[in-house]
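Each chain is listed here by its residues.
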Amino acid sequence: MSILSIQSSVAYGHVGNSAAVFPLQRLGVEVWPVHTVHFSNHTGYGEWRGPLLPADDVRAVIRGVEERGAFPAVDAVLSGYQGGEDIGDVILEAVERVKAANPDAIYACDPVMGNARSGCFVHPAIPVLLREKVVPRADLITPNQFELGFLTGTEPRTFEETLASVDLARDMGPSTVLVTSVERPDAPADTIEMMAATDGGAWVVQTPRLPMKANGSGDVTAALFTAHLLETGDPAVALARTASSVFDLLSTTLESGERELQLVQSQDAIASPRLQFEVTQVR
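As the structure is a prediction and not an experimental result, all values here were calculated from the model. (Residues numbered from 1 in each chain as written. Predicted model: local features only at pLDDT ≥ 70, side-chain atom pairs only at ≥ 80, totals over all residues. Heavy atoms only, no water.)

1. Focus: the environment of Arg170
Here Arg170 lies in helix α6 (residues 159-171). C-alpha separation for the pair Arg170 and Asp139, spaced 31 residues apart in sequence, amounts to 9.1 Å. For Arg170, the contacting residues outside a window of four places in its chain are Ser175, Val177, Ala197, Thr198 and Asp199. There is a polar contact of 2.9 Å between the side chain of Arg170 and the backbone oxygen of Ser175. (Helix = DSSP H or I, 4+ residues; strand = E, 2+ residues; numbered from the N terminus. Contact = heavy atoms within 4.5 Å. Polar contact = N/O pair within 3.5 Å; in protein donor to acceptor, adjacent residues only side chain to side chain.)

See the structure below:
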């Protein structure tokens, strides 16, 4: 399996490609990372250094990969944090060219905008670009509940509202939606859920909620779910494996007392998920 991953990169810590590439490699996936920014660290620190890469530079890197004859082998284009507002067009051009070379390839889009606690943390033009141009071209999207609401013009809170918003998102174009963090008022205390929906049904997995915020966990989730879904073709299995690995990664990070994801220390949980959480089909 080969994935062309177009995302941010940081030298210190793990977000974007710096969070996605190593877990994918531990699953045996060949990854070709293309960076949209190269920062010293993620922006959650409030200070960072490094360049936001111009769209033409990102386009040139992708074209160079294509010139090596790689596109027929690409099984998925994965995109995350886009940086500049003109990166969306570059990504969509890459998706079109990859699919021309391999019609079975998919486009997996993590529509990174923000979250319910911090609000949007991207340029104001990015969410609109994602909603109007990028997401409609995707086969798989992996929003959190906040991002799902923006994409669909809804404010999902209950389980039923979240499922209805997922259906609206699927009506936009993507056949598969993974909601990476479902928070509902009637859920058992100290739990959080993930929900996946396809033409074949909808599934939910519930895990304990850990008392932490971990930048990059959504990037890991999107990468793992994409790879597991490509490998198995089974959303329930992909959901179970992803939830297991991400929970163990977050647990290890919490126990370490470190701010950054402990990816290297959690690599066995990524390569061989424990499958400790039950996946329930809800439709």
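2. Observations concerning the packing of helix α2 (residues 55-67) against helix α3 (residues 87-101)
Taken N-terminus to C-terminus, the directions of α2 and α3 make an angle of 15 degrees; their axes are 9 Å apart at the nearest point. By the angle class used here, α2 and α3 are roughly parallel. Between α2 and α3 the crossing geometry is right-handed. Contacts between α2 and α3 involve Ala55, Val58, Arg59, Ile62, Arg63 and Glu66 from the former and Ile87, Val90, Glu93, Ala94 and Arg97 from the latter. Grouping the amino acids of the contact of α2 with α3 by side-chain chemistry returns 6 nonpolar, no polar and 5 charged. (Axes fitted to C-alpha atoms, helices over the stretch in contact; angles between N-to-C directions. Parallel < 35°, antiparallel > 145°, perpendicular 65-115°, else oblique. Left-handed = near helix turned anticlockwise from the far one by under 90°. Nonpolar A, V, L, I, M, F, W, Y, C, P; charged D, E, K, R; others polar.)

3. Things to note about unusual backbone geometry
Within the chain, Asp190 stands out as a residue other than glycine whose phi angle is a positive 60 degrees. What makes Asp190 exposed here is its relative accessible area of 59%. Unusually for a residue other than glycine, Leu275 sits at a positive phi of about 55 degrees. Along the chain, Leu275 turns up in the loop between α9 (267-271) and β11 (279-281). Given a relative accessible area of 47%, Leu275 falls into the partly exposed group. (Buried < 20%, exposed > 50% of the residue type's maximum accessible area, 1.4 Å probe, protein only.)

4. A closer look at the nonpolar core
Note on soluble globular proteins: their nonpolar side chains tend to be buried together. Ranked by internal contacts, the top residues of the largest apolar core, which has 42 residues, are Leu4, Ile6, Ile62, Val77, Tyr107, Ile141 and Met195. Tallying contributions element by element places α3 first for this core, with 7 residues. With residues up to four places along the chain from it excluded, the contact list for Tyr107 reads Val77, Ser79, Ile91, Leu92, Val95, Lys99, Val134, Arg137, Ala138, Asp139 and Leu140. Formed by 37 residues, the second largest nonpolar core is a distinct cluster that contains Ala19, Ala214, Ala227 and Leu263. (Core = buried A, V, L, I, M, F, W, Y, C linked by side-chain atoms within 4.5 Å.)

5. Focus on the sheet that holds strand β2 (residues 30-39)
Taking strand neighbours across the sheet as the criterion, the 9 strands line up as β2-β1-β3-β4-β7-β8-β9-β10-β11 in an open arrangement whose pairing is mixed. Looking along the sheet, the strands with just one partner apiece sit at the ends: β2 and β11. In the sheet, strand β9 (residues 191-198) pairs with strand β10 (residues 201-208) via 8 bridges, with the strands oriented antiparallel. By the bridge assignment for β10, Thr198 is matched with Gly201. Packed onto the sheet, α6 meets β7 (140-141), β8 (176-182), β9 and β10 and runs at close to 35 degrees relative to β9. (Pairing = 2+ DSSP bridges.)

6. A word on helix α7 (residues 217-232)
Given a rise of 1.5 Å per residue, 16 residues ought to cover 22 Å, and the 22 Å separating the end C-alpha atoms of α7 matches this to within 8%. Of all 16 residues making up α7, 12 are buried, and the element is well covered by its neighbours. The complete set of buried residues in α7 reads Ser217, Asp219, Val220, Thr221, Ala222, Ala223, Leu224, Phe225, Thr226, Ala227, His228 and Leu229. Immediately beyond the C-terminal end of α7, within one or two residues, lies Gly233, with a positive phi of roughly 70 degrees. (Expected span 1.5 Å × (residues − 1).)

7. Describing the pairing of β2
Where strand β1 (residues 2-10) lies against β2, 8 bridges are found, and the strand directions are parallel. Following the sheet pairing, Ile6 is matched in β2 by Val34. Between the parallel elements β1 and β2, the chain passes through helix α1 (residues 17-26) in a crossover that is right-handed. (Right-handed = clockwise from strand over helix to strand, strands pointing away.)

8. Remarks on the packing of aromatic side chains
One pass over the structure, following the stated rule, counts 3 aromatic pairs. Between the aromatic rings of Phe247 and Phe277, the centroid separation amounts to 5.1 Å while the plane-to-plane angle is 85 degrees, which identifies the pairing as edge-to-face. On the criterion of sequence distance, the pair formed by Phe247 in helix α8 (residues 235-256) and Phe277 in the loop between α9 and β11 is long-range, its members being 30 residues apart. On the basis of relative accessible area, Phe247 is assigned to the buried category, the value being 15%. Its relative accessible area of 15% is what places Phe277 among the buried residues. Sitting above the plane of the Tyr45 ring, Arg259 keeps its charged end 3.9 Å from the centroid. (Phe/Tyr/Trp six-rings, centres within 6.5 Å; stacked < 30°, edge-to-face > 60°. Lys NZ or Arg CZ within 6 Å of the ring centre and 35° of its normal.)

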